[in-house]
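Survey of secondary and tertiary structure
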Amino acid sequence: MSLEENPLLTLPRPIVDALFENAKKEALRAKARILELEDKVRKFRERLKFKLISGSKSGCIAVADGSMSLAPSRRIGSSFAIYTAGFMVFEGDKLIDEKYFAGSLSWSYGGTRQFKTLLRLLMANAERDAALEAYWKYSPDVILLDGPFFFFRGYCRYIKGLDIRNFEYETGLDLIKSVRDKTLTLIRSGRAICIIRRSVLRAIDGWLIYNKGEGACMGTSDKHILTMIMPQMSMWCYKNLGIDPILYSTFYRFYRHYKEIGHTDKDLAKIKDLLLAQSETDLENKFSKDLDMSLHDVPQLERSYIRFTLNAPPFEVEMPQRIDIDSLIQYFTNLFNPATGLPYPIDLIDEAVTLPYGSTTSFTEEVEARLIKDHEIRNKAAISDYFATLNPQKREFV
């Protein structure tokens, strides 16, 4: 980006000067963090044993993904959002079938948490329907999914009693169970693998804190650590450290919470086993309260990292333990995007279903336009009032 294109330069000069001065300070802070992290990672590197990827094969690959409004179109009378989903099926590197779905959600009850949770569930339901249709129709060797198997779990407990008969379900709980059971079907197929692009786990730091104390902590995400040291055409599994990444990442979160409210390292070292037990209980409670199921009913899953090229960071995968990851990877050694480092099918379905910026606003305007043409509503001012934006100073574009 040239200076002429820098949007900061459109601000008043005192703000621009202040921000550039802050950029200088932030660069110095980042420099210190980078140099410290390089030193820590170099010392820790020998603990991480990477397995080189070799061999390739061709087969039938299905991929499913979805997208939803990043933010709702918020009007005085209602909020609106949309979602999409779809699947593609490849025989080798040739696309042989594709299918797409879309839906919408309007919300006039207030409470953005319930709105976003329901929207995410509707999108997840469409994704799972897409994946299962491809599975039943083509019996692919591999089914690629975007995001963790239970990415939709968060806050589901808050919509269990919602009346959602407009969406072919009686209550929110019915929808939750539907998405849950479809997800379990995909897991039990033994062919589904999740590609997790936005990895945020800090299981390595959790493991280091538990075993060596906070002084050994890297202070960054697992993906950052592995990006720094992982060779191309290699893989690394959390089981090599003998840990459950979700459990130790949760342990890290609890440890940081207690540290931030005033507990010392010495105090926390004494209760680390209690924190680990609390982490396990927390995970069990979340599955019980959000998904109405026992965590022990979920087939054993494991997570790994795969890196095909040094041009992009490694990506995290989640899969049932019974899947042979060495065999599965061979489908993609000649079918990955060198720019993103991801399997090509994931990039292609993502491009197909991702909602363009501004699409939610355009959808809402289409709804309004249809009502303006509706002769049964004689008072057109009532339509204008209903669809008026909350902030009249700025044109909405979401």
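In case you missed it, the structure is sitting above this.
Every value quoted in this text rests on a predicted model; they were computed, and no experiment measured them. (Residues numbered from 1 in each chain as written. Predicted model: local features only at pLDDT ≥ 70, side-chain atom pairs only at ≥ 80, totals over all residues. Heavy atoms only, no water.)

1. Some points on helix 1 (residues 13-44)
Selection criterion: Put simply, DSSP marks the helices as runs of H or I at least four residues long and the strands as runs of E at least two long, and each gets a number from the N terminus on. Multiplying 1.5 Å by the helix residue count minus one yields the expected span of that helix. For this analysis, residues touch if any pair of their heavy atoms sits within 4.5 Å.
Here helix 1 is 32 residues long and its end C-alpha atoms lie 46 Å apart, about the 46 Å a rise of 1.5 Å per residue gives. Close packing links the buried residues of helix 1 with helix 4 (203-212) and helix 5 (222-229).

2. Concerning the pattern of salt bridges
Keep this limit in mind: By definition, a salt bridge exists where a carboxyl oxygen of Asp or Glu is found within 4 Å of a side-chain nitrogen of Lys or Arg. Categorising residues by exposure relies on relative accessible area from a 1.4 Å probe, with only protein chains included: less than 20% of the type maximum marks a residue as buried, more than 50% marks it as exposed, and the intermediate range marks it as partly exposed.
As enumerated under the stated definition, the model contains 29 salt bridges in all. Here Lys-94 makes a salt bridge to Asp-93, at a shortest N to O gap of 3.8 Å. Arg-370 is the salt-bridge partner of Glu-366, the closest N and O atoms lying 2.8 Å from each other. One end of the pair, Glu-366, and the other, Arg-370, are both in helix 11 (residues 359-372), four residues apart, so they sit about a helical turn from each other. For Glu-366, a relative accessible area of 39% puts it in the partly exposed group. Judged by its relative accessible area of 59%, Arg-370 falls in the exposed class. Within this structure, Glu-214, Arg-256, Lys-259 and Asp-265 form a network of salt bridges that share partners.

3. Points about the side chain of Arg-128
Here Arg-128 shows up in helix 2 (residues 112-138). A relative accessible area of 1% means that Arg-128 is categorised as buried. Residues within four places of Arg-128 in sequence aside, it is in contact with Leu-145, Pro-148, Phe-149, Phe-151, Phe-152, Val-179, Lys-182, Thr-183 and Leu-186.

4. Quick word on the pairing of strand 4 (residues 79-91)
Applicable threshold: For two strands to be treated as a pair, DSSP must find no fewer than two bridges joining them.
Taken across its 13 residues, strand 4 has twelve buried, putting it largely inside the fold. Across two bridges, strand 3 (residues 73-74) lies against strand 4 in antiparallel orientation. Pairing of Ser-73 across the sheet is with Phe-80, part of strand 4. In sequence, strand 3 turns back onto strand 4 through a hairpin of four residues. In this structure, strand 4 lies alongside strand 5 (residues 94-107), joined through 13 bridges in antiparallel fashion. By the bridge assignment, Ala-85 is partnered in strand 5 with Phe-101. Hairpin remark: strand 4 followed by strand 5, antiparallel, with two residues in the connecting loop; positive phi at Gly-92, about 65°.

5. Focus on the packing of aromatic side chains
Selection rule: In summary, the pairing rule links any two rings of Phe, Tyr or Trp, Trp by its six-membered ring, whose centres are within 6.5 Å, and it sorts them by plane angle into stacked for under 30 degrees, edge-to-face for over 60 and tilted for everything else. Lysine and arginine charges are scored as sitting over a ring when NZ or CZ, respectively, is within 6 Å of the ring centre and within 35 degrees of the ring normal.
Applying the stated criterion across every chain, the model contains 19 aromatic pairs. The interplanar angle of 65° and the centroid separation of 4.9 Å between the aromatic rings of Trp-236 and Tyr-238 together place this pair among those described as edge-to-face. Of the two residues examined, Trp-236 and Tyr-238, each falls in the buried class. Here the aromatic residues Phe-150, Phe-151, Phe-152 and Phe-287 are joined through ring pairs into a cluster of three or more. In this structure, Arg-113 packs its charged tip against the face of Tyr-158, placed 3.7 Å from the ring centre. Sitting above the plane of the Phe-254 ring, Arg-253 keeps its charged end 5.0 Å from the centroid.

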